[in-house]
Number of protein chains: 2
Amino acid sequence: MTVGIPKGTRDFSPLEMAKRNYIFDTIRSVFRRYGFRQIETPSLENLSTLMGKYGEEGDKLLFKVLNSGDFAARLSDDELLARNSVKLTPKIAEKGLRYDLTVPFARYVVQHRDELTFPFKRYQIQPVWRADRPQKGRYREFYQCDADVVGSDSLLYEAELIEMIDEAFKAFKIPVVVKLNNRKILAGIAELVGEADRIVDITVAIDKMDKIGLDNVNAELLAKGISADAVAKLQPILLLEGSNAEKLMRLKEVLAPSETGMKGITELEEVLDYVRVAELKNSVELDLTLARGLNYYTGAILEVKAVGVDMGSISGGGRYDNLTGIFGLPGVSGVGFSFGADRIYDVLNQLELFPETLLSGVQLLFAAFDERALSYCLPLLRRVRRAGIAAEVYPTPAKMKKQMVYANANAVPFVAIVGDSEMDAGKVMLKNMITGEQRLMTIDDVVECLK
Amino acid sequence: MTVGIPKGTRDFSPLEMAKRNYIFDTIRSVFRRYGFRQIETPSLENLSTLMGKYGEEGDKLLFKVLNSGDFAARLSDDELLARNSVKLTPKIAEKGLRYDLTVPFARYVVQHRDELTFPFKRYQIQPVWRADRPQKGRYREFYQCDADVVGSDSLLYEAELIEMIDEAFKAFKIPVVVKLNNRKILAGIAELVGEADRIVDITVAIDKMDKIGLDNVNAELLAKGISADAVAKLQPILLLEGSNAEKLMRLKEVLAPSETGMKGITELEEVLDYVRVAELKNSVELDLTLARGLNYYTGAILEVKAVGVDMGSISGGGRYDNLTGIFGLPGVSGVGFSFGADRIYDVLNQLELFPETLLSGVQLLFAAFDERALSYCLPLLRRVRRAGIAAEVYPTPAKMKKQMVYANANAVPFVAIVGDSEMDAGKVMLKNMITGEQRLMTIDDVVECLK
């Protein structure tokens, strides 16, 4: 018999769980400190809530759940024999697994708007599902850790998100660069060059400057059908260099004719002003190539890259002005950020940054030589547990070697060995499993020692 | 536009999440203290893993996930036009949402057996899904909190489960009775009366003693086709009363002819011996009517009832000897227990036992009178957060009343009000939102006060 799990899904062992919980706990503690409140939404949403929110490709990647009961009964011959999976789906599946936390959150805000006080700051740490082709680092079930504020357009929240990012990665000891952009600046650039719908081509070109150089970038822009005039206007932007202040100074000159562009610069400056005095550990860098989720973000765009690790962005977010509009509640501005827990896991593993102390759950194992010793251990075990120390007893007086194998397999740091001499002394032999050192001790001393 | 969620599913607000986390954290802390290690398994399992494990009814209640891509393409005309949903399902759905945590755990143990050291003690707190008809207290998505030990038949673990139950409900301050039975005793009774396959009828009859009395129970047993001879032999069991010791003494006489029955009694006595010295807060009661999951359990059967609350069992579990056998790994005995988080939630609500302190996440809100005051607040806010205190600032200098409404809506206990006079003094006005009391304080004093 073969047993297995669906491709792209994972089992998590106790050790992996300890590492994952370290990540979630760290992020959660930052979210809480900044006043975000946890909510949860159902794994299953109505497909009417999810479809059309992630583009055509996203619709395909939604996991759809077959209706309960006799789902085939009411289908017509024509519907069946057409074998059109796309058309058949809405007739046999009304629910789907959530694809991200953002759309369910927008649905939540609209559905519960009368119970909420705005600005509403929520965080959410839950799995999402995507029927993507599984590959290294990409899974069909994975956790997202999102914090969003809705109902305020204050740029203070952009700054707070950056501070939160800084605190979380400081806690992880992962050096990062926070990349910052603004959708309005990109819109201004597009306006400037008269190619409002070519923002993506332009940002892709800017992104290639490092690799292929100015001449090749210009050639590529022309080849893509952008006018020579527009390319000429783009030159100062392509050549943008230096500190954030230097970049902004140059951008102000170039974007002066665009009201939207100038608004973007003002917003960006205000956010940078806020964080300048926050004594961040990590640097914040204006990056015009940042265009993630372009259709979605309307102001700030944020992304985090780990320094010295060959990996894409490990977290990201931004400002959106009309997320709840898709559910009939316009005019609710929001800004949010998502920590990529799986990516952070990989970076922590790669840089060997997981704390040593994570590995052990149980602090003490009682190992008895015989049945009488086992009985002797039980009240001592209770005493230790009631002191709040995680402890257990090997359930039979098995060979000592076997009990030690068990202790090591479970990374238990201390073993209390009990045989005749320990019982005669009313004590236990406490063995340090790392140093091998042994000491005859009373159970009270063991509790003191482990606390 | 109407927004909503699938029936039987729930959104959880910040307050509900705080209450739920209190339950999960309490249970998790007990699990950990007793040496259980956390694992997680995927929400989606192959339907081949799940089907046939929960009976015919269970198969129907599984949520099945439609295959990605063109699922209808390879279906024949006959398959389609038969409109047989049951036969069609395996051809268009290979995956399903897990129905409980036990079968996925059995699959996990078999799949990872070479990496595990036995006995393997795991806990798992994850949602499960059932396409049940939703009703009060019954949901289509709900959490289970399971602890199981596999790879040992030591009865010490039964005793530890009872101690864990006691500790958890002691922490919740919910008075409970732990009901205990043993499948082998039930088998012995059936053997005794010569009706091995009538255990369920017999336990149902025993269960009715309180309500309808001996005569009616006997009449019902006869009506169900149980022989007069068998009913006569059942009389001492129906009339079983008194303490656990008294019940066991009587059972020993009655079950003397049944080896299996006597084995059950010995096991039960051993478990009771273990817990007798554990100074439990709650009582453990032998209950012969306990027959939950009969096909599944082979030894101890456990159930928890809240005292003074009109509700079924709020948690349960037992010993199973062949759970991994269904996946080709026989001979792995296990014993486990599941806390019913939703039921516990309802009891805590009903008895008003949730701790008051849960309600608040943020300890301090800064409320500024104008832009200058807002700027004054920002470094103070950072100072407070860096001291580990959850705090936030109202993002605009809105009317003070609006800021107070926000504080109250979010159950923030303290507000630091800042206007000209506070800034002149280099202080803040700390308002206690419960007593209404106000005091002019330095930020260092505020930190001291809130820590």
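Just so you know, these numbers come straight off a predicted model, no measurement behind them.

About the criteria used
- Residues numbered from 1 in each chain as written.
- Chains lettered and ligands numbered in written order.
- Predicted model: local features only at pLDDT ≥ 70, side-chain atom pairs only at ≥ 80, totals over all residues.
- Heavy atoms only, no water.
- Axes fitted to C-alpha atoms, helices over the stretch in contact; angles between N-to-C directions.
- Helix = DSSP H or I, 4+ residues; strand = E, 2+ residues; numbered from the N terminus.
- Parallel < 35°, antiparallel > 145°, perpendicular 65-115°, else oblique.
- Left-handed = near helix turned anticlockwise from the far one by under 90°.
- Contact = heavy atoms within 4.5 Å.
- Nonpolar A, V, L, I, M, F, W, Y, C, P; charged D, E, K, R; others polar.
- Core = buried A, V, L, I, M, F, W, Y, C linked by side-chain atoms within 4.5 Å.
- Buried < 20%, exposed > 50% of the residue type's maximum accessible area, 1.4 Å probe, protein only.
- Buried area = accessible area lost by both parts, 1.4 Å probe.
- Salt bridge = Lys/Arg side-chain N within 4 Å of Asp/Glu carboxyl O.
- Polar contact = N/O pair within 3.5 Å; in protein donor to acceptor, adjacent residues only side chain to side chain.
- Least-squares fit on C-alpha atoms with pLDDT ≥ 70 in both.
- Arc of directions from axis to C-beta.
- Lys, Arg positive; Asp, Glu negative; His and termini not counted.
- pLDDT = per-residue confidence, 0-100.
- Pairing = 2+ DSSP bridges.

Student: Teacher, can you tell me more about the packing of helix H10 (residues 228-238) of chain B against helix H11 (residues 244-255) of chain B here?
Tutor: In helix packing, the relevant descriptors are the interaxial angle and the interaxial distance, both defined with respect to the helix axes. Residues and elements named next belong to chain B. Two elements in contact, H10 and H11, have axes whose closest approach is 9 Å; the angle formed by their N-to-C orientations is 165°. One finds that H10 runs roughly antiparallel with respect to H11. Viewed along their axes, H10 and H11 form a crossing whose handedness is left-handed. Contacts between H10 and H11 involve Lys-233, Pro-236 and Ile-237 on the former and, on the latter, Arg-250, Leu-251 and Val-254. Per-class residue counts for the contact of H10 with H11 are four nonpolar, no polar and two charged.

Student: Could you clarify how one ought to interpret the nonpolar core in this entry?
Tutor: If you look at the biggest cluster of nonpolar residues, it comprises 103 residues, and the most contacted ones within it are Leu-364 and Phe-366 of chain A together with Ile-23, Phe-169, Phe-172 and Phe-339 of chain B. Sorting elements by how many residues they give to this core places helix H7 (residues 156-172) of chain B first, with ten residues. Of all hydrophobic cores here, the second largest spans 100 residues; its members include Tyr-123, Leu-156, Val-231 and Ala-341 of chain A.

Student: What should I look at first to understand the interface of chain A and chain B in this one?
Tutor: In many analyses, interface size is given as the accessible surface area lost on bringing the parts together. Each partner contributes residues to the interface: chain A has 98 residues there, and chain B has 98 residues. Considering only the side of chain A, the residues that lose the most area to chain B are Arg-37, Arg-83 and Arg-385 of chain A, jointly responsible for 8% of the buried surface there. Residues Lys-121 of chain B and Glu-392 of chain A are paired through a salt bridge, measuring 2.9 Å at the closest nitrogen-oxygen approach. For the pair chain A and chain B, the number of links is 42 residue pairs in polar contact (both at pLDDT 80 or more). Sort the elements by how many residues they give to the side of chain A that touches chain B and helix H14 (residues 371-386) of chain A lands first, with six residues. Classifying every residue of the side of chain A that touches chain B by side-chain character gives 52 nonpolar, 23 polar and 23 charged.

Student: What is the right way to read the relation of the copies chain A and chain B from this model?
Tutor: The operation relating the two chain copies consists of a rotation about an axis and a shift along that axis. Overlaying chain A on chain B yields an RMSD of 0.1 Å, the required transformation being a rotation through 180° with an accompanying axial translation of 0.0 Å. Such a combination of turn and shift is consistent with a two-fold rotation axis. Proximity to the rotation axis, assessed at the C-alpha, singles out Val-65 of chain A in chain A; its C-alpha lies 2.2 Å from the axis. Mapped onto chain B, 100% of the interface residues of chain A again fall at the interface, so both copies present the same surface.

Student: Would you explain the pattern of salt bridges in this entry?
Tutor: Side-chain pairing between opposite charges can occur once the charged atoms of the two side chains come close. Within this structure, the stated rule accounts for 56 salt bridges over all chains. Here Arg-107 of chain A and Glu-45 of chain A are joined by a salt bridge, their closest N and O atoms 2.8 Å apart. Separated by 62 residues along the polypeptide, Arg-107 of chain A in helix H6 (residues 102-111) and Glu-45 of chain A in strand S2 (residues 44-46) bring together distant segments of the chain. Within this structure, Arg-37, Lys-121 and Glu-160 of chain A together with Arg-385 and Glu-392 of chain B form a network of salt bridges that share partners.

Student: Explain helix H5 (residues 85-92) of chain A here, please?
Tutor: For the α-helix, the turn length of 3.6 residues means that residues three or four positions removed from each other point alike. Every buried residue of H5 of chain A is accounted for by Ser-85, Leu-88, Thr-89 and Ile-92 of chain A. Take H5 of chain A and look down its axis: the buried residues cluster within an arc of 115°, on one side only. Facing away from the buried side of H5 of chain A by over 90 degrees, the exposed positions are Val-86, Lys-87 and Pro-90 of chain A. Summarising the contacts, the buried residues of H5 of chain A are in contact with strand S3 (64-66), helix H4 (77-81) and strand S4 (93-97) of chain A together with helix H5 (85-92) of chain B.

Student: In this structure, what is going on with unusual backbone geometry? I would like to understand it.
Tutor: Residues other than glycine predominantly adopt negative phi, and peptide bonds predominantly adopt the trans conformation. Here the residue pair Phe-118 of chain A and Pro-119 of chain A is connected by a cis peptide bond, since its omega of -5° sits within 30 degrees of zero. Mapped onto the secondary structure, Pro-119 of chain A falls in the loop between H6 and strand S5 (120-129). In this model, Arg-83 of chain B sits at a positive phi of 50°, which is unusual for a non-glycine residue. Along the chain, the position of Arg-83 of chain B falls in the loop between helix H4 (77-81) and H5. Although it is not a glycine, Glu-352 of chain B sits at a positive phi angle of roughly 50°. Within the fold, Glu-352 of chain B resides in the loop between helix H13 (341-350) and strand S12 (364-368).

Student: In this structure, what is going on with the side chain of Asp-100 of chain B? I would like to understand it.
Tutor: Residues and elements named next belong to chain B. Relative to the assigned elements, Asp-100 resides in the loop between strand S4 (95-97) and helix H6 (102-111). For the buried Asp-100, which has no salt bridge, the nearest side chain bearing the opposite charge is Arg-130, at an N-O separation of 5.1 Å. Of the polar contacts made by the side chain of Asp-100, one reaches the side chain of Tyr-54; its length is 2.6 Å. A polar side-chain atom of Asp-100 sits 3.2 Å from the main-chain amide nitrogen of Val-103. Other than its neighbours up to four places away in sequence, Asp-100 contacts Tyr-54, Val-128, Arg-130 and Gln-144.

Student: Can you help me understand the confidence of the model for chain A in this one?
Tutor: Interpretation of the predicted coordinates at a detailed level should be avoided for regions scoring low in pLDDT. This prediction gives chain A a mean pLDDT of 93; 98% of its residues lie at or above 70. ipTM for the predicted complex: 0.94, alongside a pTM of 0.94.

Student: How do you make sense of the pairing of strand S11 (residues 334-339) of chain A when you look at a structure like this?
Tutor: On a regular strand, each side chain points to the face opposite its neighbour's, so the side chains alternate between the two faces of the sheet. All names here are of chain A. Of all six residues that make up S11, six are buried, and the element is covered over most of its length. Residues Gly-334, Gly-336 and Ser-338 of S11 are buried on one face, and the alternating residues Val-335, Phe-337 and Phe-339, pointing to the opposite face, are buried as well. Where strand S6 (residues 141-150) meets S11, six bridges bridge the pair, whose relative direction is antiparallel. Looking at S11, one finds that Asp-148 is bridged to Gly-336. Sheet topology note: the strand S10 (residues 315-320)/S11 ladder contains six bridges and is antiparallel. Across the sheet, residue Tyr-320 finds its bridge partner in S11, namely Gly-334.

Student: Just checking my understanding: could you explain the sheet that holds strand S14 (residues 414-418) of chain B for this structure?
Tutor: Note on sheets: strands pair through backbone hydrogen bonds, and any given pair is parallel or antiparallel. Residue and element names in this part refer to chain B. Strand order in the open sheet formed by five strands is S13-S12-S14-S15-S16, with mixed pairing between adjacent strands. For this open sheet the edge positions go to strand S13 (391-393) and strand S16 (438-441), each flanked by a neighbour on one side alone. Looking at each pair of strands side by side, their axes are set apart by 25° on average, direction ignored. Where helix H14 (residues 371-386) meets the sheet, it contacts S12, S13, S14 and strand S15 (428-432), and its direction lies at approximately 170° from that of S13. Against the sheet, helix H15 (residues 400-409) touches S12, S13 and S14, its axis set at about 170° to S12.

Student: What's the story with the environment of Glu-220 of chain B in this structure? I'm lost.
Tutor: All names here are of chain B. Mapped onto the elements of the fold, Glu-220 is located in helix H9 (residues 199-223). C-alpha separation for the pair Glu-220 and Ala-205, spaced 15 residues apart in sequence, amounts to 7.5 Å. Apart from residues lying up to four places away in sequence, Glu-220 is in contact with Lys-208 and Ile-212.

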